[in-house]
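As a plain string of letters, each chain reads:
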Amino acid sequence: MEQKNNNFLVGMTAFGAIFFIFGFATTFIIQLSAPVMAVFNLTEFQAQLLTSAFFIAYPIMSVPTGWLVNRIGYKYTVVAGLILMALGSLVFIPAARIPSYPLFLMATFILATGVVFLQVSANPYVTALGSESSASSRLNLTQALNSIATMVAPWLIATVIFKGLDLPIDATDAEKLTYGLEVAGRIPFPFIAMALVVVLVAVVLLMMKLPAIISEKSEKGGSIYKYPHVLLGAFAIFCYVGAEAGNAGLMTNYLKSGSLGLSAEMAATYAAIYWGGAMVGRFFGSIMFSDIAGGKKYLYAVLVLGLALVSGAFVTDWDWTIGLVFMGASAVNFVFMLIGKGQPARTLAVFALVAGMLGLVTTFTQGQVALWTVVSIGLFNSIMFPNIFALAVKDLKGGELASASGIINALILGGAVIPPLMGSIADNYGYTYAYVVPALCYLYIFFYAVKGSLIRTASAE
């Protein structure tokens, strides 16, 4: 029994670190579009191709990764993913030194392939590490670590890359060139650190004696194309991932532009708060969707509000006023969580409707109102992925469940399509109008929660 407990703790520690790593890498790449735009003097559309290069890896590499898991097992697939992440990180060094945007895109795809390896293999591993009844709890814990990483990444961009740098709106070409070269010179350091960390984790993982997990071939299921709720749910994932990545990818440059006129460092800091909202909302979700007694739920919610206060102040160099505003927005988020009553479809509908409204308010306002509406969208992104996924695979089993999961994960492709679309709108009509696109995405997710998830032409046995 003691050996079994040790294996469980070792496994959870290792995979907790892995979830943190790929959460950090994903968000870092999304937020890297602003520094890259400065380095190469790109349009917003061109800069968002970096995000596309990351998310395009999902539909291309998910199936080969599943094949690899069956060939070499979960543990060695995770190790291979970590090695690919290290390789991709190192390619960023010459990409920044030359500098070469095509090399940036190649490095991003290599890094993203490593992340896909981790995502495909790590989730089942965490599920299989303990009892089936507590699988959800373990996944919530690892997702929380993933969420912490998503807040750290943009904060690191603000402090390591943009700190002390500023470019006037009316800068000359010479000033833009000098600024771009300075930014380029600062980009390699985070990737060197990432490469060292992932190689270290890979070595430690190889030395660990983890529980063996056998990949069982599930029975062949019928075509899932006869289930509209699955296909509509896959498109909801497309919209969600695209909207979340698009909001974040444009945020730094949006907050630098127009009436807001923030420095690049401060704008990137608010992007960290956006991702911090997803972290806070997921903690709220793990509380509300659990079987914790009512009184304890509110106690834990107060602790999460304290986390919002401290994290909001921390990333803004201990500005407690901003921390208080973020805590207030988080409290509003919890109220809407209560309206959802712990029901996945109801909560998803409420959150999608609010997120859509926040996107529209961002479009048609300016100044501090627009700043906090766009930042607060992160709070309402928080529970969307797991709730959409749960509704899309409801009542499916065996081969049908596996097929549905594959299609849903492939539609993470939204992260490769929607950010460049938003970038093109920003280039031609201004940043504020770009936020109409994610607002429409959230309205579709609202439709899916209310109606689309109920559209079925066959019952799943």
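Each chain has its residues counted from 1, running along the sequence as written. Only residues with pLDDT of 70 or above have their local features reported here, since the model is predicted, and side-chain atom pairs are shown and tallied only from 80 upward, although totals for entire chains, interfaces and linings are computed over all residues. Where side-chain values are given, they derive from all heavy atoms of the structure, hydrogens and water being excluded.

### With respect to a nonpolar patch on the surface
Together, Ile72, Tyr76, Val199, Val203, Leu206 and Met207 give the surface a local cluster of nonpolar side chains, amounting to about 580 Å² of exposed area. Topologically, valine 203 is positioned in helix H9 (residues 188-207). For each residue, the accessible area found with a 1.4 Å probe, counting protein chains only, is set against the maximum for its type, and the residue is called buried under 20%, exposed over 50%, and partly exposed in between. When its relative accessible area of 41% is taken as the criterion, valine 203 is described as partly exposed. Here, patches come from residues exposed beyond 30% relative accessible area and free of salt bridges, joined within 9 Å for like charges and within 5 Å for nonpolar side chains (Val, Leu, Ile, Met, Phe, Trp, Tyr). With residues, only the protein chains shown are counted as cover, and all accessible areas are computed by Shrake-Rupley using a 1.4 Å probe. Any Lys or Arg side-chain nitrogen found within 4 Å of a carboxyl oxygen on Asp or Glu counts as a salt bridge. Elements are defined by DSSP. Helices are runs of H or I of four residues or more, strands are runs of E of two residues or more, and each kind is numbered from the N terminus.

### A word on the side chain of threonine 77
Residue placement: threonine 77 occurs in helix H5 (residues 74-97). We call two residues in contact whenever any of their non-hydrogen atoms come within 4.5 Å of each other. Apart from the residues lying within four places of it in its own chain, the contact partners of threonine 77 are Thr65, Leu68, Val69, Ile72, Phe117 and Ser121.

### Some words on unusual backbone geometry
Omega for the peptide link from isoleucine 98 to proline 99 comes to -15°, which places this bond in the cis form. Here proline 99 is to be found in the loop between H5 and helix H6 (101-128). The backbone phi angle of aspartate 317 is positive, close to 60°, even though this residue is not glycine. Following the sequence through the fold, aspartate 317 ends up in the loop between helix H12 (294-315) and helix H13 (320-339).

### Regarding the packing of aromatic side chains
Working definition: rings of Phe, Tyr and Trp (its six-membered ring) pair if their centres are within 6.5 Å, and the pair is stacked with planes under 30 degrees apart, edge-to-face with planes over 60 apart, and tilted otherwise. Evaluated as defined, the whole model comprises 25 aromatic pairs. Note on phenylalanine 19 and phenylalanine 22: the rings are 5.0 Å apart at their centroids and 45° apart in plane angle, and the pair reads as tilted. Linking phenylalanine 19 with phenylalanine 22, this pair stays in helix H1 (residues 2-31), spanning three residues, or about one helical turn. Relative to tryptophan 275, the ring of tyrosine 274 has its centre 5.4 Å away and its plane inclined at 85°; by these criteria the two rings are edge-to-face. A single burial state applies to tyrosine 274 and to tryptophan 275, both of which are buried.

### Focus on H13
The span one expects for a helix is its residue count, reduced by one, times 1.5 Å. If you check H13, its first and last C-alpha atoms are 29 Å apart, about what 20 residues at 1.5 Å a residue would give, namely 28 Å. Among the residues of H13, those classed as buried are Ile322, Gly323, Phe326, Ala329, Ser330, Asn333, Phe334 and Met337. The arc that holds the buried residues of H13, viewed along the axis, is 155°, so those residues lie on one side. Under this definition, polar contacts are N or O atom pairs within 3.5 Å; protein pairs additionally need one hydrogen-donor-capable and one acceptor-capable atom, and for neighbouring residues in sequence, both atoms have to be side-chain atoms. Between the side-chain oxygen at the start of H13 and the backbone nitrogen of threonine 321 there is a gap of 3.1 Å, and the oxygen is on aspartate 319. Arc, as used here, means the arc of the directions from the helix axis to the C-beta atoms.

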